[in-house]
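Each chain, letter by letter, is given below.
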Amino acid sequence: MRLCFLVEEQYRHDGMPLDVVRQLAAWGHQVDVIRPGGSLIRLSEFSELSGLSAAVQSGAHDAWVLKTVSGGPGLTLLEGAAALGLTTVNDARAIRTVRDKALTALVAQQHGLPMPVTYAAARPELFAEVPEEQFPLVVKPAAGSSGRGVRLVRTPGQLTSSGDGGEAASGPGPGPEDGGLLIAQPYVPNSGTDLKVYCVGGEAFATVRASPLRPELAVDERLVPLPREVAGLAAEIGAVFGLDLYGIDVLLGPDGPVVVDVNDFPSFRKVPDAVARVARAVLDLARAGGAGGHGGLTPQAAAFVPAQAGT
């Protein structure tokens, strides 16, 4: 097969997805790697095709695969490939949806998924209008990733009296100078750890790690049993958002599991044989012409997941 990987600058030296590229090549497949952030993209004059637009228009690849960052240029190119009817992994519309955390929350709410009530605003001080009984709030950029810019805001007064808008979790805090939308969600009481669930090739794997709000905790990131309820939830999210290679961040709150983030093409850290699993999933999706919006972990497949899981 011939595949095209779009790799953003942040991941140009990263094991995921470059190890997957090497695995596919070792299996005898042709893999082209394009760096959208370091290439000139010609969007017109297709009679004189060159560079990235030529690769899209030629339709020579069985599938296009994107490892993107929020706001990265690769998604636009992937959407161009999808608009021409080419197979993409993940679905370009699905990536666009989960890259906007405000839109993710809206879709989740419409489908009854357990996600905290979500507020959106252009400036952090506007969250002071949120009912006080819903504080503390977790405030983060709607286009954020990797826990950057996440803040715990304990009282409305912190929003109006503090320039940084609360207690930093990781990286610089969100503010009006960032020019992007912010979201705020009521804090879900938890143990200080997140359950990161990775979904690939019809299987789901759970790992535990310290919450971005509790970086001081000494938590050994490791594979853990996957609760049945969380396995079903992961399957439902794949189906709702139309994702094939994805991850979800889950908090085990007092009322059950709560989803606080959805990621396309995550790191798959601690997943056994992750590189081979992802490579096989890419090939299967390319041969099938994409999953058609069913997600990489179907509700039927979810029934098999607890065999490796806990209760």
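Everything that follows concerns the structure shown earlier in this document.
Conventions adopted
Residues numbered from 1 in each chain as written. Predicted model: local features only at pLDDT ≥ 70, side-chain atom pairs only at ≥ 80, totals over all residues. Heavy atoms only, no water. Pairing = 2+ DSSP bridges. Helix = DSSP H or I, 4+ residues; strand = E, 2+ residues; numbered from the N terminus. Axes fitted to C-alpha atoms, helices over the stretch in contact; angles between N-to-C directions. 1 Å grid on protein atoms, 1.4 Å probe; cavity = no way out; pocket = protein on both sides within 12 Å on 5 of 7 lines; lining within 4 Å. Points joined across faces, edges and corners; volume = space filled by probe spheres on them. Nonpolar A, V, L, I, M, F, W, Y, C, P; charged D, E, K, R; others polar. Core = buried A, V, L, I, M, F, W, Y, C linked by side-chain atoms within 4.5 Å. Buried < 20%, exposed > 50% of the residue type's maximum accessible area, 1.4 Å probe, protein only. Contact = heavy atoms within 4.5 Å. Phe/Tyr/Trp six-rings, centres within 6.5 Å; stacked < 30°, edge-to-face > 60°. Lys NZ or Arg CZ within 6 Å of the ring centre and 35° of its normal.

Participant: Looking at this structure, I do not really get the sheet that holds strand E10 (residues 193–200). What am I missing?
Facilitator: Strand-to-strand pairing in sheets goes through backbone hydrogen bonds, with the strands running parallel or antiparallel. Read across the sheet, five strands follow the order E12-E11-E10-E13-E14 without closing on themselves; strand pairing throughout is antiparallel. Edge positions in the open sheet fall to strand E12 (222–224) and strand E14 (256–264), since each of these has one partner strand only. Here the average twist between neighbouring strands, direction ignored, is 35°. One ladder, built from eight bridges, connects E10 with strand E11 (residues 203–210); its direction is antiparallel.

Participant: I would appreciate a short explanation of empty space enclosed by the protein in the present structure.
Facilitator: By rolling a water-sized probe across the atoms, one finds the places where empty space is left. Enumeration according to the criterion identifies one cavity of 30 Å³ or more in this entry. Here the largest cavity is characterised by a volume of approximately 50 Å³. In terms of lining, the largest cavity is formed by Val98, Lys101, Thr104, Met115, Ile183, Gln185, Val260, Asp261 and Val262. Counting residues per element, the ones that place at least two in the lining of the largest cavity are helix H5 (101–110), strand E9 (182–186) and E14. Take the lining of the largest cavity: its biggest share by element is three residues, from E14. In the lining of the largest cavity, the residues fall into five nonpolar, two polar and two charged.

Participant: How should I be thinking about the nonpolar core in this particular structure?
Facilitator: Across soluble globular proteins, nonpolar side chains show a tendency to be buried alongside one another. Of all hydrophobic cores here, the largest spans 29 residues; its most connected members are Leu3, Phe5, Leu24, Leu245, Phe268 and Val278. Ignoring any residue separated from it by four or fewer positions in sequence, one finds Leu3 in contact with Leu24, Gln30, Val31, Asp32, His61, Asp62, Ala63, Val282, Leu283 and Ala286. In this structure, Ala108, Ala231, Ala234 and Val262 belong to the second largest nonpolar core, which totals 27 residues.

Participant: How should I be thinking about the packing of aromatic side chains in this particular structure?
Facilitator: Here a ring pair, both rings aromatic, is described through the centre-centre distance and the interplanar angle of the planes. Enumeration according to the criterion identifies two aromatic pairs in this entry. Arranged with centres 5.6 Å apart and planes meeting at 40°, the rings of Tyr198 and Phe268 form a pair that is tilted. Taken together, the residues Tyr198 in strand E10 and Phe268 in the loop between E14 and helix H8 (274–288) connect sequence positions 70 residues apart. On the basis of relative accessible area, Tyr198 is assigned to the buried category, the value being 1%. Seen in terms of ring centroids, Phe265 and Phe268 are 6.3 Å apart; in terms of plane orientation they differ by 65°. Their pairing is edge-to-face. An identical accessibility class is assigned to Phe265 and Phe268; each is buried. Joined through ring pairs, the aromatic side chains of Tyr198, Phe265 and Phe268 make up one cluster. Across the ring face of Tyr11, the terminal group of Lys67 is positioned such that the distance to the ring centre comes to 4.7 Å.

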